[in-house]
2 protein chains.
Amino acid sequence: MKARKYHHGDLKNALLRAGIDILEEEGLPGLSLRAIAAKAGVSHAAPRNHFDGLNGLLAAIAAEGYRRHKAYMQEGITPESSRPEQLAAAMHGYVRFARENPALFALMFSPVRGTLRDPDLTAAARESYAVLKGIAERIDWDKASGPDAALRTEMMLWSFVHGYAHLYASQEAGTARCGGIAPPDVATVIPGFSYID
Amino acid sequence: MKARKYHHGDLKNALLRAGIDILEEEGLPGLSLRAIAAKAGVSHAAPRNHFDGLNGLLAAIAAEGYRRHKAYMQEGITPESSRPEQLAAAMHGYVRFARENPALFALMFSPVRGTLRDPDLTAAARESYAVLKGIAERIDWDKASGPDAALRTEMMLWSFVHGYAHLYASQEAGTARCGGIAPPDVATVIPGFSYID
DNA sequence: CCGAGTTGTTTCCACTGTCTACATTCTGCT
DNA sequence: AGCAGAATGTAGACAGTGGAAACAACTCGG
């Protein structure tokens, strides 16, 4: 770590961190290319050398968000965890991530500034989705039978937990929509599944 | 409809229609104050007389979206409809709205340009939510018991259908997340409810 | 008929993202 | 070692944005 270098050395990650910091502090509206560059102590055109414009930078931040999202879901899951424990941990992690990182969650699942297209982003999203998918594969849900039963269970699971997280994440908007009542804990609303193993 | 008046006469509604048109044609990114004003044939500062800046206009558009959303859910429901028919119609309407108006759906449920605060908007959102809530009240769901059973069922219902609509609305992003498989029909994934009446 | 309020225009400002030309540093080849 | 060229960062210009203020045109009640 030299005192002052013309070349930053690790500007790419510095920009990512600066972006996430601003996201947490000021939310989505404050997330401008110039603000991020300034926070990283660099001129406003410098990010161009590492990302494809603002959209590229936002996509990279969203990808990092998906990695943390996945980590939240996996937290508390050990090899000894039973299936119901795994499911509960993943769903709680999903919702907890949305609550603790509302702006990041919004960036990840919102059509902000056009569609973010980035191979790394879609890969990270797929990996986070795979956590739920992996758990859903071993679930036997009463109404799900036939060839695409696994897909339907997985869809059901994702839809529910995502809708719930969305509702829970934006507390003020959510409670306004729900008539001012705080939503109950996710585990108490979870559908009745049974497990294959 | 006089040929040309200095005063538009119905600029407020003209701006709303212009905004929704642009939303359908170009999506959220194209929805700028100046573009809307231009489409309504008026200078970019004119909307200020009818809305509280861009956010106010977006809030009004979102409120109109919630009214249409409600209409979608109520479509096909007659006084003779059975409860299961009502539930299926409302959920299909919810998803159909998201599919046929993806940009409007995104505006309604996304934290676009800061939080939209408007009494008319929250009222319209509440009314659309009330459709599902009204149906949920008569549902008996096996895992829902106790004092807040109705609330939990209602949350469960809203969470699921919203998450599903969100997943289904943005087809490309959705299928990317699901591993390239198109999600199945909402009615085949719907949880097993029984009805009180 | 006229003054006040409403509605729309014009002009300016700060800010944004992107582009181009240029400066500096690093890397690899001879 | 030395030097060409790539990589990285800077400076400035540009078109676009939303907002604010001063001004103009129209409407309407006394």
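Chain A has the name TetR/AcrR family transcriptional regulator in an unreviewed UniProt entry, where Paracoccus caeni is given as its organism.

**Student:** Whenever I open this one, the overall build of chain A confuses me. Can you help?
**Tutor:** Secondary structure assignment for chain A yields nine helices and two strands. Helices (α) and strands (β) of chain A occur, in sequence order from the N terminus, as α-α-α-α-α-α-β-α-α-α-β. Put simply, chain A has 197 residues, and 52% of those count as buried. Taking contacts inside chain A between residues at least 6 apart in sequence as the whole, the part at least 24 apart equals 69%.

**Student:** Looking at this structure, I do not really get the pattern of salt bridges. What am I missing?
**Tutor:** Tallied over the full model, the rule gives 16 salt bridges over all chains. With a shortest N-O distance of 2.6 Å, D120(A) and R67(A) are connected by a salt bridge. Separated by 53 residues along the polypeptide, D120(A) in helix α6 (residues 119–136) and R67(A) in helix α3 (residues 53–74) bring together distant segments of the chain. A residue is classified by how much of its surface remains accessible, and R67(A), at 37% relative accessible area, is partly exposed. One salt bridge in this structure joins K133(B) and E154(B), with 3.4 Å as the shortest N-O distance. In this pair, K133(B) is assigned in helix α6 (residues 119–136) and E154(B) in helix α7 (residues 149–169), connecting sequence segments 21 residues apart.

**Student:** Got a minute to help me understand the protein's contact with DNA strand C in this structure?
**Tutor:** Among the 21 residues in the neighbourhood of DNA strand C, the closest are listed as L33(A), R34(A), R48(A), S43(B) and H50(B). One of the side-chain N or O atoms of S32(A) is found 3.5 Å from a phosphate oxygen in DNA strand C. One of the backbone N or O atoms of L54(A) is found 2.9 Å from a phosphate oxygen in DNA strand C. Going through the elements one at a time, α2 (33–39) and α3 of chain A are the ones with two or more residues in the surface near DNA strand C. By residue class, the composition of the surface near DNA strand C is nine nonpolar, 10 polar and two charged.

**Student:** Help me understand the protein's contact with DNA strand D, please; the structure alone is not making it clear to me.
**Tutor:** Inspection of the region around DNA strand D gives 21 residues, with S43(A), H50(A), L33(B), R34(B) and H44(B) positioned closest. Considering DNA strand D, the proportion of its atoms within 4 Å of the protein that are sugar or phosphate atoms stands at 60%. At 2.9 Å from a base nitrogen of DNA strand D is found a side-chain nitrogen or oxygen belonging to N49(A). Measuring from a phosphate oxygen of DNA strand D, one finds a side-chain N or O atom of R48(B) at 2.7 Å.

**Student:** Is there a simple way to think about the environment of L157(B) in this case?
**Tutor:** Residue and element names in this part refer to chain B. Within the secondary structure, L157 sits in helix α7. Exposure remark for L157: the relative accessible area of 1% places this residue in the buried category. Along the backbone, L157 and M91 are 66 residues apart, and their C-alpha atoms lie at a distance of 9.0 Å.

**Student:** Just checking my understanding: could you explain the side chain of S110(A) for this structure?
**Tutor:** Relative to the helices and strands, S110(A) is located in the loop between α5 (102–109) and α6. A polar atom in the side chain of S110(A) sits 2.9 Å from the backbone oxygen of A106(A).

**Student:** Before we go on, may I ask you to explain the packing of aromatic side chains in this structure?
**Tutor:** For any pair of aromatic rings, the description rests on two quantities: the centre-to-centre distance and the angle between the ring planes. All chains considered together, the criterion is met by 12 aromatic pairs over all chains. Between Y129(B) and W158(B), the aromatic rings sit 6.3 Å apart at their centres with planes inclined by 50 degrees, giving tilted as the arrangement. One end of the pair, Y129(B), is in helix α6; the other, W158(B), is in helix α7, with 29 residues separating them in the sequence. Of the two residues examined, Y129(B) and W158(B), each falls in the buried class. Sitting above the plane of the F51(A) ring, K12(A) keeps its charged end 5.7 Å from the centroid.

**Student:** I keep staring at the environment of Q74(B) and nothing clicks. Help me out?
**Tutor:** The residue Q74(B) is located in helix α3 (residues 53–74) in this model. Note: C-alpha distance between Q74(B) and L132(B) (58 residues apart in sequence) is 9.6 Å.

**Student:** When you look at the nonpolar core in this model, what are you seeing that I'm missing?
**Tutor:** If you look at soluble globular proteins, the nonpolar side chains tend to sit buried side by side. With 123 residues, the main nonpolar core has I61(A), Y94(A), L107(A), I61(B), Y94(B) and L107(B) as its most contacted residues. Once residues within four sequence positions are removed from consideration, L107(B) is found in contact with L23(B), L28(B), L58(B), I61(B), A62(B), V112(B) and L116(B).

**Student:** For this particular structure, what's the right way to read helix α1 (residues 11–26) of chain B?
**Tutor:** Turn by turn, an α-helix covers 3.6 residues, leaving residues three or four places apart pointing in a common direction. All names here are of chain B. Taking 1.5 Å as the rise per residue, α1 with 16 residues should run 22 Å; its terminal C-alpha atoms sit 21 Å apart, in good agreement. The complete set of buried residues in α1 reads L11, A14, L15, L16, A18, G19, I20, I22 and L23. With its phi angle positive at about 80 degrees, G27 sits one or two positions after the end of α1.

**Student:** Would you mind showing me how to read the environment of G76(B) here?
**Tutor:** Structurally, the position occupied by G76(B) is in the loop between α3 and α4 (83–100). In this structure, the C-alpha to C-alpha distance between G76(B) and Q86(B), residues 10 residues apart in sequence, is 8.2 Å.

**Student:** Help me understand the confidence of the model for chain A in this model?
**Tutor:** Close reading of the predicted structure is inappropriate where its pLDDT is low. Overall, the prediction assigns chain A a mean pLDDT of 82, with 77% of residues at 70 or greater. Taken element by element, the predicted model of chain A shows its lowest mean pLDDT in helix α8 (residues 171–178) of chain A (48) and its highest in α2(A) (98).

**Student:** Help me understand helix α4 (residues 83–100) of chain A, please; the structure alone is not making it clear to me.
**Tutor:** Taking 1.5 Å as the rise per residue, α4(A) with 18 residues should run 26 Å; its terminal C-alpha atoms sit 25 Å apart, in good agreement. Within the sequence span of α4(A), burial applies to R83(A), Q86(A), L87(A), A89(A), A90(A), M91(A), G93(A), Y94(A), V95(A), F97(A) and A98(A).

So, how was this worked out
Residues numbered from 1 in each chain as written. Chains lettered and ligands numbered in written order. Predicted model: local features only at pLDDT ≥ 70, side-chain atom pairs only at ≥ 80, totals over all residues. Heavy atoms only, no water. Helix = DSSP H or I, 4+ residues; strand = E, 2+ residues; numbered from the N terminus. Buried < 20%, exposed > 50% of the residue type's maximum accessible area, 1.4 Å probe, protein only. Contact = heavy atoms within 4.5 Å. Salt bridge = Lys/Arg side-chain N within 4 Å of Asp/Glu carboxyl O. Near = heavy atom within 4 Å. Polar contact = N/O pair within 3.5 Å; in protein donor to acceptor, adjacent residues only side chain to side chain. Nonpolar A, V, L, I, M, F, W, Y, C, P; charged D, E, K, R; others polar. Phe/Tyr/Trp six-rings, centres within 6.5 Å; stacked < 30°, edge-to-face > 60°. Lys NZ or Arg CZ within 6 Å of the ring centre and 35° of its normal. Core = buried A, V, L, I, M, F, W, Y, C linked by side-chain atoms within 4.5 Å. Expected span 1.5 Å × (residues − 1). pLDDT = per-residue confidence, 0-100.

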